[in-house]
Amino acid sequence: MYPIIKPLLFQLDPETTHHLTLKCLRLLHRYHCGFLLKGKHNHANNTLAESDSSSTTTLMGLTLPNPIGLAAGLDKNGEYIDALAMLGFGFIEVGTVTPLPQAGNPKPRLFRLPSQQAIINRMGFNNYGIDTLINNIANSQYRGVLGINIGKNAATPMEKAVDDYLICLEKAYPYASYITVNISSPNTRNLRSLQSASELDRLLNHLKNRQAQLATQQSRYVPIAIKIAPDLDEEQIAAIADVALNTQIDGIIATNTTIDKTVLGNHKFAQEEGGLSGLPVQTQSNHVLHHLSALLNSQIPLIGVGGITSGADAAEKIRLGATALQLYSGLIFRGPQLIKECVNACCQLK
Ligand SMILES: Cc1cc2nc3c(=O)[nH]c(=O)nc-3n(C[C@H](O)[C@H](O)[C@H](O)COP(=O)(O)O)c2cc1C
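Reading the values: the criteria
Residues numbered from 1 in each chain as written. Predicted model: local features only at pLDDT ≥ 70, side-chain atom pairs only at ≥ 80, totals over all residues. Heavy atoms only, no water. Helix = DSSP H or I, 4+ residues; strand = E, 2+ residues; numbered from the N terminus. Rg over C-alpha atoms; globule rule 2.2 N^0.38 Å. Contact = heavy atoms within 4.5 Å. Areas by Shrake-Rupley, 256 points an atom, 1.4 Å probe, with all protein chains shown as cover. Lys, Arg positive; Asp, Glu negative; His and termini not counted. Charge placed at Lys NZ, Arg CZ, Asp CG, Glu CD. Salt bridge = Lys/Arg side-chain N within 4 Å of Asp/Glu carboxyl O. Buried < 20%, exposed > 50% of the residue type's maximum accessible area, 1.4 Å probe, protein only. Near = heavy atom within 4 Å. Polar contact = N/O pair within 3.5 Å; in protein donor to acceptor, adjacent residues only side chain to side chain. Nonpolar A, V, L, I, M, F, W, Y, C, P; charged D, E, K, R; others polar. Core = buried A, V, L, I, M, F, W, Y, C linked by side-chain atoms within 4.5 Å. Phe/Tyr/Trp six-rings, centres within 6.5 Å; stacked < 30°, edge-to-face > 60°. Lys NZ or Arg CZ within 6 Å of the ring centre and 35° of its normal. Expected span 1.5 Å × (residues − 1). Arc of directions from axis to C-beta.

**Considerations on the overall build of the protein chain**
So, point 1. For the protein chain, the count of helices and strands is 11 helices and 13 strands.
So, point 2. In terms of C-alpha radius of gyration, the protein chain reaches 19 Å, essentially the compact-globule figure of 20 Å for 350 residues.
So, point 3. Considering only C-alpha atoms, the protein chain reaches an extent of 50 × 50 × 40 Å along its principal axes.
So, point 4. For the protein chain, long-range pairs separated by at least 24 residues make up 71% of all intrachain contacts whose partners lie at least 6 apart in sequence.
So, point 5. Of the roughly 15000 Å² of accessible surface on the protein chain, 52% is carried by carbon and sulfur atoms.
So, point 6. Positive and negative side-chain charges in the protein chain, numbering 29 and 27 respectively, have mean positions lying 8 Å apart.

**Thoughts on the pattern of salt bridges**
So, point 1. Taken as a whole and judged by the stated rule, the model has nine salt bridges.
So, point 2. A salt bridge links Lys107 to Glu15; the shortest N-O distance between them is 3.9 Å. Here the residue Lys107 occupies a position in the loop between strand S4 (91-97) and strand S5 (110-113), and Glu15 occupies one in helix H2 (residues 14-30), the gap between them amounting to 92 residues.
So, point 3. The exposed category is assigned to Lys107, whose relative accessible area is 60%.
So, point 4. Where Glu272 meets Arg122, a salt bridge forms, and the shortest distance between an N and an O atom there is 2.9 Å. Taken together, the residues Glu272 in the loop between strand S10 (251-254) and strand S11 (275-278) and Arg122 in the loop between strand S6 (118-121) and helix H4 (130-138) connect sequence positions 150 residues apart.
So, point 5. Residues joined in a network through salt bridges with shared partners are Glu15, Lys107 and Arg109.

**Digging into the site of the ligand**
So, point 1. In the neighbourhood of the ligand, 23 residues make up the surrounding shell, with Ala72, Thr96, Gly278, Gly307 and Ser329 lying closest.
So, point 2. At 2.7 Å from an oxygen atom of the ligand is found a main-chain nitrogen or oxygen belonging to Ala72.
So, point 3. Note that an oxygen atom of the ligand is positioned 2.9 Å from one of the side-chain N or O atoms of Lys76.
So, point 4. Within the complex, 98% of the 610 Å² of free accessible area of the ligand lies under protein.
So, point 5. For the shell around the ligand, the residue count by class is seven nonpolar, 14 polar and two charged.

**Comments concerning the nonpolar core**
So, point 1. Ranked by internal contacts, the top residues of the largest apolar core, which has 80 residues, are Ile92, Tyr165, Ile226, Ile228, Ile252 and Leu292.
So, point 2. Among the elements that take part in this core, helix H5 (residues 161-172) stands out by supplying seven residues, more than any other.
So, point 3. With near-sequence residues (within four places) excluded, Leu292 lies in contact with Ile228, Ile237, Ala241, Ile252, Ala254 and Leu302.
So, point 4. Counting 13 residues, the second largest nonpolar core, distinct from the first, contains Met60, Ala225, Ile253 and Ile303.

**Examining the packing of aromatic side chains**
So, point 1. Per the stated rule, a full pass over the model turns up three aromatic pairs.
So, point 2. A centroid spacing of 5.9 Å and a plane angle of 85° characterise the contact between Phe10 and Phe333, whose relative ring orientation is edge-to-face. Here Phe10 is found in the loop between helix H1 (2-9) and H2, whereas its partner Phe333 is found in helix H10 (residues 329-334), with 323 residues between them in sequence.
So, point 3. When the ring centre of Phe10 is taken as origin, the NZ or CZ atom of Arg112, which lies over that ring, is 4.4 Å away.

**Some remarks on the side chain of Ser277**
So, point 1. Of note, Ser277 is situated in strand S11.
So, point 2. Engagement of the side chain of Ser277 in a polar contact is seen with the side chain of Ser329, the distance being 2.7 Å.
So, point 3. Not counting residues within four places of it along the chain, the set of residues in contact with Ser277 comprises Gln117, Ala118, Ile119, Thr257 and Ser329.

**A few points about H2**
So, point 1. With 17 residues, H2 extends 24 Å between its outermost C-alpha atoms, agreeing within 8% with the 24 Å of an ideal straight helix rising 1.5 Å per residue.
So, point 2. Of all the positions in H2, only Pro14, Glu15, Thr17, His18, Leu22, Leu25 and Leu28 are classed as buried. Seen from one end, H2 has its buried residues packed into an arc of 160°, which puts them on one side.
So, point 3. In this structure, the buried residues of H2 make contact with H1, helix H3 (81-85) and S5.
So, point 4. Taken from the residues just after H2, His32 is the one with a positive phi, measuring 55°.

In short, geometric facts, not functional conclusions.
As structure tokens, then:
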């Protein structure tokens, strides 16, 4: 069905399409019509990518029905969790969420580049705030693995960034299967400076201490992952690996979008500010993943994300050292079929 509706969706402005598509998905879920997305009728199972024991994956101590997850940013407020779960993801990450609601950057802030299978976004953490997010989670039916991706408000000075992450960690903790600390969005001023060894060490020490307290109080350990940028040289990657090992961080998500748009040449959107995702980020993302994997030697699990547009792309990231994967831009260009393709490709590697 997606190949039929895609040309219509691509006529609209990207942000309108985003909301419209998610609302339609929610209607399909509400009226048990998810099978319509399959192409052939199968009423027995309401999810599109079926998982079986061969696709089960353990990640940060969590059991995933399959290793293909939804990346952060698509459902920032956790409004569509049940509808997205219907597509057959092995896990879902919502957010990035900040302590207080914020509008994000002025529009237009989302650009589609179909010829490159790419997206540029400078959304700027538009979200309704952590309280609304957890309310939406509490009202969802989903009982699968749910990551909550946390960030800082744009108005919070960098010296107080730790406080924003701590607020989100505490509030998200009872509702999350794992928590992602986003230190790599290019659309919040100076956020990426948190990736430097000293800043990262300070931030992660605070978060790990609070995690230990929360785990004792709530008798439940919720793993913490960090999400890093693809725009890191080998020295920076090595420094992050060191801090991650020293602070015993539970997982690393590699990577976010890139600020490097040289591959776009003279494309009409090449000068747009923001992060580039989709196929053009794949090489850089894979480089970071591969390098980290060699340094970490399986001591910290890696989640690979960035430029997955086919089953072969997914299999490549697993070969480079990822335990699980996440999709975003590929879904826009390939539709939900991509999830099943990636699950199958990863299963064949086992
Ligand atoms: C429109 C858009 C919004 C995004 N918002 C977030 C976000 O809020 N938090 C985050 O950690 N990553 C965000 N991302 C990054 C994705 O989660 C992913 O890391 C990145 O797009 C690379 O994967 P892809 O090539 O499969 O899209 C966003 C990406 C896009 C395209």
